[in-house]
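Commentary on secondary and tertiary structure
What follows is the residue order along each chain.
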Amino acid sequence: MKMAKNLMRLAAILLLGVSGTAWAQTVNLYTYHLSPPFVSGKGAGLTYDLATYLSEKSAGKYQFQVQELPRKRLNEVIKSDDAGVVPWVMPAWFQDKEETSYLWTQGFFPDGNALLSPASAKIEYNGEITSLHGLKFGGVRGHKYQDIDAAVEAGNISRQDAQDIDANLRKLAAGRIDFSSAADSASRYLVAEMGLSSKIHFSSTPHTQYNRRFLVMKALPEVKAFLSQVVAEMPTDEKWAAIVSQYQ
């Protein structure tokens, strides 16, 4: 009897000592944004900091786990996986302008797509896609580009894809493509990191502007409600501001 009580007491102590995250619901945080500042190394970058931030905000209810995927693979995964979240995205990028295929939060990260060109052949975008007709565009394989895709399909712009933003920046610096378009947050970080500030021009008018949001699978309405609450608090949350400031 005494041994049984001791075993029960030991079990209780062990249960109390287990971190609350051991009982948390794991939520996959899928990302195809694999360049800095979103992913800056193995298990590092703004997306990983976001996962930690969200897990802590949930007070042990959720454990957000980053899953890095190329865009094409992500497109396949979200068709079959009904228990995941995709950060840093917009409805138009997933053919969901009506917001009926997935659940969406409000925007939480203001950004835009910069219009980049070689410093030796600067392009100042005027907001009209026709101003880019006849030029060679450098894209990232699997990525879609507002207005540019239609112009490429119509034969008005030629497109040459690379594996990532870094490769396109090197092509721009060497004058091998006429222009490219990439997230302002990522491209400014990389241009400075790669020492290409004197070789690449940022148009004063960006290609697009947007406020990045969370895409949430329909099977996770409670997660969507949680994220919506967090998003509402982010603008005044000093902890989130401190995280973002590390990458600016």
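All of the points below concern the structure found in this document. Worth saying up front: this structure is predicted, and the values here are computed from it rather than measured.

When helices and strands are tallied, the protein chain shows 8 helices and 10 strands. By its C-alpha atoms, the protein chain is 85 × 40 × 30 Å across when sized along the principal axes. Going through the 248 residues of the protein chain one by one, you find that 45% of them count as buried. For the protein chain, contacts bridging at least 24 residues in sequence account for 74% of all contacts bridging at least 6. Accessible surface, the protein chain as shown: approximately 13100 Å² in total, 51% of it carbon and sulfur.

Okay, the packing of helix 2 (residues 46–57) against helix 7 (residues 221–233) next. Running from N to C, helix 2 and helix 7 point in directions that differ by 105 degrees, and their axes come no closer than 11 Å. As far as their axial angle goes, helix 7 and helix 2 are roughly perpendicular. Where helix 2 approaches helix 7, its residues Tyr53, Leu54 and Lys57 are matched on the opposing element by Phe226, Leu227, Val230 and Glu233. Its residues assigned to classes, the contact of helix 2 with helix 7 shows 5 nonpolar, no polar and 2 charged.

Moving on: the packing of aromatic side chains. Under the counting rule described, the total for this entry stands at 14 aromatic pairs. Note on tryptophan 93 and tyrosine 210: the rings are 5.0 Å apart at their centroids and 85 degrees apart in plane angle, and the pair reads as edge-to-face. Residue tryptophan 93 is located in the loop between strand 3 (84–89) and strand 4 (103–104), and its partner tyrosine 210 is located in strand 10 (residues 208–216); the two are separated by 117 residues in the primary sequence. Between phenylalanine 108 and phenylalanine 214 the ring centres are 4.3 Å apart and the planes differ by 10 degrees, which places this aromatic pair in the stacked class. Of this pair, phenylalanine 108 sits in the loop between strand 4 and strand 5 (109–118) while phenylalanine 214 sits in strand 10; the two residues are 106 residues apart in sequence, bridging distant segments of the chain. Of the two residues examined, phenylalanine 108 and phenylalanine 214, each falls in the buried class. Ring pairing ties together the aromatic residues Phe38, Tyr53, Trp88, Phe108, Phe109, Phe214 and Trp240, which thus form one cluster. For the cation-ring pair, arginine 71 lies above tyrosine 32, with the distance from its terminal atom to the ring centre recorded as 4.9 Å.

Inspection of every chain in the model, using the stated rule, returns 9 salt bridges. For lysine 57, the salt bridge goes to glutamate 233, with nearest N and O atoms at 3.1 Å. With lysine 57 in helix 2 and glutamate 233 in helix 7, this pair connects stretches of sequence that are 176 residues apart. The partner of aspartate 184 in a salt bridge is arginine 188, with the nearest N and O atoms 3.0 Å apart. Taken together, the positions of aspartate 184 and arginine 188, both in helix 6 (residues 184–193) and 4 residues apart, correspond to about one turn of that helix. Through salt bridges with shared partners, a single ionic network connects Lys57, Glu233 and Asp237.

Calculation criteria
- Residues numbered from 1 in each chain as written.
- Predicted model: local features only at pLDDT ≥ 70, side-chain atom pairs only at ≥ 80, totals over all residues.
- Heavy atoms only, no water.
- Helix = DSSP H or I, 4+ residues; strand = E, 2+ residues; numbered from the N terminus.
- Buried < 20%, exposed > 50% of the residue type's maximum accessible area, 1.4 Å probe, protein only.
- Contact = heavy atoms within 4.5 Å.
- Areas by Shrake-Rupley, 256 points an atom, 1.4 Å probe, with all protein chains shown as cover.
- Axes fitted to C-alpha atoms, helices over the stretch in contact; angles between N-to-C directions.
- Parallel < 35°, antiparallel > 145°, perpendicular 65-115°, else oblique.
- Nonpolar A, V, L, I, M, F, W, Y, C, P; charged D, E, K, R; others polar.
- Phe/Tyr/Trp six-rings, centres within 6.5 Å; stacked < 30°, edge-to-face > 60°.
- Lys NZ or Arg CZ within 6 Å of the ring centre and 35° of its normal.
- Salt bridge = Lys/Arg side-chain N within 4 Å of Asp/Glu carboxyl O.

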